[in-house]
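Here is what each chain is made of, one letter per residue.
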Amino acid sequence: MHRFLTLPILVPMLLGLVLLVAQPKDRRVRSIYVTASALVTSVLSFLCILITYAKGSAALACILVRFSESFSISLRIDGASMVYGAIVSFLWPLVTVYALDYMSHEGHESRFFSFWLMAYGVVLGIAYSEDFLSLYFFYELLTLATLPLVMHAMDEKARYAGRKYIIYSLSGAAFAFIGIVFLLNYGVGHLNFTYGGVLDPARVAGSEGTLLVAFVAAFFGFGVKAALFPFHGWLPDASVAPTPVSALLHAVAVVKAGAFAVLRLIYFGFGADFLWGTWAQTVVMTATIITIVYGSARSLRTPHLKRRLAFSTVSNLSYILFALTLMSPAGLVGGMTHMVYHAFTKITMFCCAGAILHQGREYVYELEDFGRVMPVVFGTFTVSSFALIGVPPLGGFAGKWMIAEGAVASVNPLAYAGLGALILSTLLTTLYLITIVARAYFPIGELDRAALDQVRDPGWAMKVPLLALTASGVLLALCSDLVIGFLQLVGQGVL
């Protein structure tokens, strides 16, 4: 029974390897195989979550590989794992269905979907890791699994983006490793995630300054994948990847893995109590505040649609990081709330962008009157835009409200500056998204009617995931009391 938790991680990785070796020529066979693989993985993942919720975190805990008595790749689900694992397990199959139609014109589909499935297993490995060593193992593996997806086109832009992505990611991981080493040397003898932290007060005494330096190094190291300024440069360039990859990079896999690792680092590693009120908290919180404003401002200035959404992700991921740096249960709840709702919103927006790119349009100024000729795409994009802006009762409102509540409760003067940054960023978000929606529904100037007559919504294979993603995001927002109630149990260390 304990080995059951390995299935949602190993099954998609093995199925991806089989696809890479087999390289089926029949697109229908490949589509069935990939869809079934993603669905089976999600079912296994949700079963693990439900069993753990019913029986406790020890129910499925297991060791995948043992190196020594102190070091192993081990798995265990806790409350934070449930949140991240559920997001990944719900969204991945929907985007898979979308990707099968989208990639039909891109070529090398078997190679693409083999790494797609392997990345799914690796992300679940990050979600269900029991300790920092296991998290770090899957974190590094994620870079290798997603690199071929980023470089799929293998043209000059894709190769450049891939080089930049791997240099940034591996460099960040090296700094993150510094923090893990210090946690082991100054901890209680293990690296298992422990709510409140693993530092041993007896060992820490007299070395607080050194540990704070190690924490800052690890924070910025993990923050590379979360696109923290000034280490965000890889993310906009990675937009050259096929849109389904961009959707997962920005909403589920890479950037959320960075935010999730920071969450573990603060609340389950060094401990919020140890970090609260220190210069280290001031440094990392300041970085998140700068990133919030910078990402929104760059997004407003960027006319390329996917890059505009990429800079939007830079800003919104730092909403999460800012909440986490409040070093309080309320901050943890606020960060996780925005993590949940941002995932549904941003993945929908990128899928909409992919449908627009299929029509040969890349820039915002090319979208005049598209709301009329692509009603499903721009209907879902508009709902997602309002959600990201934070219009109640959509999900973005709940996330921002919980972050603001945590900031006010923290009585930290710098947190009030962060609250101001959230307000400014919301204004900028309104401007850079509403300009897209306004152009689509209220065109100005002369229109090329002949060209517009060639534009249409994609087929049902892409429309159904768009509608499902939008509907599920709205439904989740309407159930925000239940969602936040569960997250508060995680924030209090109950789950």
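Everything below is about the structure printed above this text.
Treat the numbers as computed from the prediction; the structure is a model and nothing was measured.

Definitions and cut-offs
- Residues numbered from 1 in each chain as written.
- Predicted model: local features only at pLDDT ≥ 70, side-chain atom pairs only at ≥ 80, totals over all residues.
- Heavy atoms only, no water.
- Patch = residues over 30% accessible without salt bridge, like charges linked within 9 Å, V, L, I, M, F, W, Y side chains within 5 Å.
- Areas by Shrake-Rupley, 256 points an atom, 1.4 Å probe, with all protein chains shown as cover.
- Salt bridge = Lys/Arg side-chain N within 4 Å of Asp/Glu carboxyl O.
- Helix = DSSP H or I, 4+ residues; strand = E, 2+ residues; numbered from the N terminus.
- Buried < 20%, exposed > 50% of the residue type's maximum accessible area, 1.4 Å probe, protein only.
- Axes fitted to C-alpha atoms, helices over the stretch in contact; angles between N-to-C directions.
- Parallel < 35°, antiparallel > 145°, perpendicular 65-115°, else oblique.
- Left-handed = near helix turned anticlockwise from the far one by under 90°.
- Contact = heavy atoms within 4.5 Å.
- Nonpolar A, V, L, I, M, F, W, Y, C, P; charged D, E, K, R; others polar.
- Phe/Tyr/Trp six-rings, centres within 6.5 Å; stacked < 30°, edge-to-face > 60°.

Visitor: How do you make sense of a nonpolar patch on the surface when you look at a structure like this?
Guide: Where nonpolar side chains cluster on the molecular surface, the patch consists of Leu 300, Leu 424, Leu 427 and Leu 431 and spans about 320 Å² of accessible area. It is helix α19 (residues 413-441) that provides the largest number of residues to the nonpolar patch, a total of 3 residues. With respect to the helices and strands, Leu 300 occurs in helix α13 (residues 279-301).

Visitor: Hey, could you run me through the environment of Gln 454 in this one?
Guide: Its place among the elements puts Gln 454 in the loop between α20 (449-452) and α21 (460-478). By relative accessible area, which is 54% here, Gln 454 ends up exposed. With 236 residues separating them along the chain, Gln 454 and Ala 218 place their C-alpha atoms 51 Å apart.

Visitor: Honestly, the packing of helix α8 (residues 208-223) against α13 in this entry has me stumped. Any pointers?
Guide: Between two packed helices, both the angle of their axes relative to each other and the distance between the axes serve to describe the pair. α13 packs onto α8 with a crossing angle of 15° between their chain directions and a minimal axis gap of 9 Å. When the axes of α8 and α13 are compared, the pair comes out roughly parallel. As for the relative orientation of α8 and α13, their crossing is right-handed in sense. Each of Gly 209, Leu 212, Val 213, Phe 215, Val 216, Phe 219 and Phe 220 in α8 lies in contact with α13, whose residues at this interface are Trp 279, Ala 280, Val 283, Val 284, Ala 287 and Thr 288. Grouping the amino acids of the contact of α8 with α13 by side-chain chemistry returns 11 nonpolar, 2 polar and no charged.

Visitor: I tried to follow the packing of aromatic side chains on my own but got confused; where do I start?
Guide: Think of a pair of aromatic rings as described by two things: how far the centres are apart, and how the planes are tilted against each other in angle. One pass over the full model with this rule turns up 26 aromatic pairs. Relative to Trp 116, the ring of Trp 92 has its centre 5.7 Å away and its plane inclined at 65°; by these criteria the two rings are edge-to-face. Pair noted here: Trp 92 is in helix α3 (residues 79-102) and Trp 116 is in helix α4 (residues 109-127), with a separation of 24 residues, a long-range link. For Trp 116, a relative accessible area of 0% puts it in the buried group.

Visitor: What am I meant to see in the pattern of salt bridges here?
Guide: Pairing is possible between side chains that carry opposite charge, provided their charged atoms lie close to one another. Here the structure, examined in full by the defined rule, presents 8 salt bridges. In this structure, Asp 78 engages Arg 264 in a salt bridge whose closest nitrogen and oxygen atoms are separated by 2.8 Å. Note that Asp 78 is positioned in the loop between β2 (72-75) and α3 and Arg 264 in helix α11 (residues 254-270), a separation of 186 residues in sequence. An identical accessibility class is assigned to Asp 78 and Arg 264; each is buried. For Glu 368, the salt bridge identified is with Arg 439, shortest N-O distance 2.7 Å. Remark: Arg 439 occurs in helix α19 and Glu 368 occurs in the loop between α15 (329-357) and α16 (370-373); sequence separation between them is 71 residues. Under the relative-accessibility criterion, Glu 368 is labelled buried at 11%. Salt bridges sharing partners connect three or more residues here, namely Arg 27, Arg 30 and Glu 109.

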